[in-house]
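# Descriptive analysis of the structure
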Amino acid sequence: MRVLLIHSDYLKYQTKSKTRIAEQIEDDKKEGFFEDSLVVFTAVEQEDEENPQEIVENVITEVKDVLGKIGADNVVIYPYAHLSSSLSKPDVAKTVLQEMESRLQEEDIKVARVPFGWYKSFEVSCKGHPLSELSRTITAKPREEEKADKAEESKWYILDQGNLIDPDEFKFENEDLRKLVNYELGKGESSGEEPPHVKLMREKGLADYEPSADVGHLRWYPKGRLIRDLLADYVYLLVTKEGAMPVETPIMYDLADDAIRVHAEKFGERQYRMGHKNKELMLRYACCFGAFRVLSDSFLTWKNLPARVYELSTYSFRMEKKGEVVGLKRLRGFTMPDLHTVCRDLEQSLVEFDNQIDMCMQTGVDFQVNYEVIFRATQDFYDQYKEWMHASAAKIGKPVLLEILPERKHYWISKMDFAAIDYLGRPIENPTVQIDVESGERFGITYLEENEEEGYPIILHCSPTGSIERVICSLLEKTAIEMKEKPPMLPVWLTPTQVRILPIAERHMDYALDLARQIKDQNIRVDVDDRPETVGKKIRNAATEWVPYVVVIGDNEMEKRESQELTVNIRETKEKQVMDLETLVKTVQEETRDMPFRALPLPLQVSQRINF
RNA sequence: GCCUCGAUAGCUUAGUAGGUAGAGCGCGGGAUUCGUAAUCCCGAGGCCGCGGGUUCAAUUCCCGCUCGGGGCUCCA
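Computed from a predicted structure; not experimentally measured.

If you look at the biggest cluster of nonpolar residues, it comprises 117 residues, and the most contacted ones within it are F381, V499, I501 and L584. Per-element accounting of this core gives the leading share, eight residues, to helix α5 (residues 222–241). Shared between two domains, this core takes at least three residues from each, and those domains are domain 2 (155–244 + 287–476) and domain 3 (492–608). Grouped together as the second largest cluster of nonpolar side chains are 28 residues, L38, I55, V66 and A72 included.

Our focus in this paragraph is the side chain of S313. In this structure, S313 sits in strand β16 (residues 307–317). Of note is the side chain of S313, whose polar atom sits 2.7 Å from the side chain of S316. Setting aside anything within four residues of it in sequence, one finds S313 in contact with R284, C287, F334, T335 and M336.

The next thing to look at is the pairing of strand β17 (residues 333–343). Extensive coverage of β17 is indicated by the burial of 11 of its 11 residues. Residue alternation in β17 divides its side chains into two sets, G333, T335, P337, L339, T341 and C343 and F334, M336, D338, H340 and V342, and both sets are buried. Where β16 and β17 come together, 10 bridges link them in antiparallel fashion. Each residue of the ladder has a partner; that of R308, found in β17, is T341. Two elements, β17 and strand β24 (residues 458–463), share five bridges in a ladder whose sense is antiparallel. Looking across to β24, one finds that T341 is bridged to L460.

Time to look at the domain arrangement of chain A. As far as domains go, chain A holds domain 1 (2–150), domain 2 (155–244 + 287–476) and domain 3 (492–608). One C-alpha centre belongs to domain 2, the other to domain 3, and the line joining them spans 37 Å. The partner domain 3 presents 15 residues to the 16 residues of domain 2 that form the contact. Taken together, the two surfaces of domain 2 and domain 3 that pack against each other cover about 1400 Å², and 74% of this comes from carbon and sulfur. Summed over the three residues of domain 2 that lose the most area to domain 3, namely K223, L226 and L230, the buried surface amounts to 39% of that side.

Around RNA strand B, a shell composed of 47 residues is seen, among which K322, E324, R330, R470 and R540 lie nearest. The protein-proximal atoms of RNA strand B, defined as those within 4 Å of the protein, are 43% sugar or phosphate. One of the backbone N or O atoms of E429 is found 2.3 Å from a sugar or linking oxygen in RNA strand B. At the level of secondary structure, the elements contributing two or more residues to the surface near RNA strand B comprise β17, β21 (427–436), α13 (535–544) and α14 (555–559). Residue contributions to the surface near RNA strand B peak at six residues, all from α13. Taken together, the residues of the surface near RNA strand B break down into 15 nonpolar, 11 polar and 21 charged.

This model, assessed by the stated rule, comprises 23 aromatic pairs. For the pair Y10 and F33, a centre-to-centre distance of 5.8 Å together with 25 degrees between the ring planes defines the contact as stacked. One end of the pair, Y10, is in strand β1 (residues 2–18); the other, F33, is in strand β2 (residues 31–43), and 23 residues separate them in sequence. With relative accessibility at 47%, the residue F33 sits in the partly exposed group. Centre to centre, the rings of F367 and W493 are 6.2 Å apart; their planes meet at 25 degrees, and the pair counts as stacked. Within this pair, whereas F367 is found in helix α8 (residues 346–367), its partner W493 is found in the loop between α11 (468–482) and β25 (499–503), the two being separated by 126 residues in sequence. When the ring centre of W220 is taken as origin, the NZ or CZ atom of R228, which lies over that ring, is 4.8 Å away.

Look at helix α6 (residues 258–265) against helix α7 (residues 288–296): their axes get within 11 Å of each other, and the N-to-C directions meet at 145 degrees. Between α6 and α7 lies a crossing of right-handed hand. In this structure, α6 uses A259, I260, H263 and A264 to contact α7, whose residues at the interface are C288, F289, F292 and R293. Looking at the contact of α6 with α7 residue by residue, the class counts come to six nonpolar, one polar and one charged.

Moving on to the layout of surface pockets. Roughly 1200 Å³ of internal volume is contained in the second largest pocket. Forming the boundary of the second largest pocket are 40 residues, of which I21, A81, L87, P90 and N278 lie nearest the centre. With five residues, helix α2 (residues 90–106) is the single largest residue contributor to the lining of the second largest pocket. Class assignment of the residues belonging to the lining of the second largest pocket gives a composition of 18 nonpolar, 11 polar and 11 charged.

Okay, the environment of E352 next. Within the secondary structure layout, E352 lies in helix α8. Note: C-alpha distance between E352 and T341 (11 residues apart in sequence) is 8.1 Å. Not counting residues within four places of it along the chain, the set of residues in contact with E352 comprises P306, R308, T341, C343 and L460.

Next up on the list: the sheet that holds strand β14 (residues 279–283). Read from one edge to the other, the open sheet built from three strands follows the order β12-β14-β13, with strand pairing classed as antiparallel. Edge positions in the sheet fall to β12 (252–254) and β13 (272–276), since each of these pairs with one other strand and no more. Averaged over all pairs of adjacent strands, the angle between strand axes in this sheet comes to 30 degrees, irrespective of strand direction. Judged from the five bridges that link them, β13 and β14 form a sheet pairing that is antiparallel. Within β14, the position partnered with M274 by the bridge is L281.

Attention now goes to a negative patch on the surface. Taken together, E152, D380, D383 and E407 make up a surface patch of like negative charges. Mapped onto the elements, E152 comes out in the loop between β6 (133–137) and β7 (155–160).

This part takes up the pairing of β7. For β7 and strand β19 (residues 400–405), the ladder comprises five bridges, and the chain directions are antiparallel. Its bridge partner being in β19, L159 is matched across the sheet by V400. Relative to strand β8 (residues 163–165), β7 runs antiparallel, the two being bridged by three bridges. Directly across from L159, in β8, lies its bridge partner L164. Joining the antiparallel neighbours β7 and β8 is a turn of two residues, in which Q161 adopts a positive phi near 50 degrees.

Here is what the cut-offs are and how they apply
- Residues numbered from 1 in each chain as written.
- Chains lettered and ligands numbered in written order.
- Predicted model: local features only at pLDDT ≥ 70, side-chain atom pairs only at ≥ 80, totals over all residues.
- Heavy atoms only, no water.
- Core = buried A, V, L, I, M, F, W, Y, C linked by side-chain atoms within 4.5 Å.
- Buried < 20%, exposed > 50% of the residue type's maximum accessible area, 1.4 Å probe, protein only.
- Helix = DSSP H or I, 4+ residues; strand = E, 2+ residues; numbered from the N terminus.
- Domains from an automatic or database assignment.
- Polar contact = N/O pair within 3.5 Å; in protein donor to acceptor, adjacent residues only side chain to side chain.
- Contact = heavy atoms within 4.5 Å.
- Pairing = 2+ DSSP bridges.
- Buried area = accessible area lost by both parts, 1.4 Å probe.
- Near = heavy atom within 4 Å.
- Nonpolar A, V, L, I, M, F, W, Y, C, P; charged D, E, K, R; others polar.
- Phe/Tyr/Trp six-rings, centres within 6.5 Å; stacked < 30°, edge-to-face > 60°.
- Lys NZ or Arg CZ within 6 Å of the ring centre and 35° of its normal.
- Axes fitted to C-alpha atoms, helices over the stretch in contact; angles between N-to-C directions.
- Left-handed = near helix turned anticlockwise from the far one by under 90°.
- 1 Å grid on protein atoms, 1.4 Å probe; cavity = no way out; pocket = protein on both sides within 12 Å on 5 of 7 lines; lining within 4 Å.
- Points joined across faces, edges and corners; volume = space filled by probe spheres on them.
- Patch = residues over 30% accessible without salt bridge, like charges linked within 9 Å, V, L, I, M, F, W, Y side chains within 5 Å.
- Areas by Shrake-Rupley, 256 points an atom, 1.4 Å probe, with all protein chains shown as cover.
- Salt bridge = Lys/Arg side-chain N within 4 Å of Asp/Glu carboxyl O.
- Lys, Arg positive; Asp, Glu negative; His and termini not counted.
- Charge placed at Lys NZ, Arg CZ, Asp CG, Glu CD.

Shown next, in the form of structure tokens:
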């Protein structure tokens, strides 16, 4: 809250016309005249909404303090929006101003309040002594009692083949799970290094920080953009194969909508807000709002269910704390595949949940990334659906961490989170499935039951990969972990250059380009390093770009032009293999089978490229 | 957001006890036409992050800001 305190000889005002947010007033309030007043010009700000009571208390303390010093006869509270560029919602402001008035009355101070939301003319005469003009910023002190409600803590177990084991007693055979458990239970040891993916994302020309944007928003270079697009294609194919219907919805929502505001409030301070005239908008933090609005406006019957609606949120926005934002791991703007499944009842949602577990696990296989799993549920849900939970956990095929919450804190009653473990031993939370029991009713999503009664559905939230940025983060972190044992590389279907042709001298160039065109026609991303450099240097260069297949073309290959016999450097095995063109093409196609393809969006000739 | 550390060429960095700066990579030019992880020579490139203060003089010392790293807390 911002206040401007003026000790005045007199203040005179007259209402002129109403704004949309004007409060209802009696005629006698339409004008006013006060003498020897402390005029409190007041702007209630967005951040005050969190704890309006304390704001009122603090401003009253301040006003009383000033009043005591200057000895004015009375106080006039004057709503003055122009003191701040980030105003609260009008309703909150009105309440706060009214509270201020009644709190001062309680203290037997003569007080008047000028009407809110009117255009007014006014005249104020400032006394001009040293204390007659003061401005103050009023904030709510951080609430102390937050920690108190930790009384009810979660219980943690390792769930292994239907047995619940105390994490402290469990003998970990899996190092990643041990790291995850330590981290979740707050026992993580930290080494104070930068996660290696940050350097890699820049070095490989994928992405970089954008200092001209807000913190936590990235710029993506062509290679990074290519990988993002391939991942987007991948999830699209994955979910549509399972019957999901893609939609696209707005990225910002009006907080005047009650359902949206209540759902958003659960998100607390992490909302990314935008004020716009009298509208207060919030940037989406996931696709929930859009999906729910689509679903609540559709006519659903039990025959339609389960109904799956999918959207890739380019972008989602979360106002993460500044110190938390890092590389690809934690961003304020990110892209997340978001699948919402409307289920007839809990039983149906459990069947779908199981399908979605399979989907999440499949993404780990396709990305060649290991996930560890945290299964969470409320105590009630666990008691009732213990058998289902044990069976679903068993699908993972290894022990999982189990959290049992004493009671429901969020909209979900059970969720499963999949995490990759980064180079520093910390989890990167990726895929997730959640059972939402609140949003159906809150967003007015109904369906017609077989008996013609209307019901509220259970809704599953699922991101089968987690955010696209975090997928790339896990891939890069994995290469850093494995760097000692094998040459780092991305899965071939995701790597920008899949085959590089490397002519030795200029006389080999035409043949190299000819081969490249043939390979390109087979939907393989190929390029030609046509720079006038030594073979050694070009080999080294291809290695630093993690190119999985490198073909050197010299006199020997020219001689075998008929058979198109080539010597291929295979990165993964560090082998040199002689094979013909057809075999090379088949090898790459085999390795990228069933995965999406996009052409290389860069010049075929390396010499023509830009160094981003 | 808080605590803490940092910012020198496109990148990685050396350096100045206060007198405005060097190197490697990359880039441009030239020579070399080469068989598996850096060919040689030459050249350009710096408001030493931004703003203020101290000083005859600040990239260097002090303060503020911005951006970044690490920690705290939370998450996709």
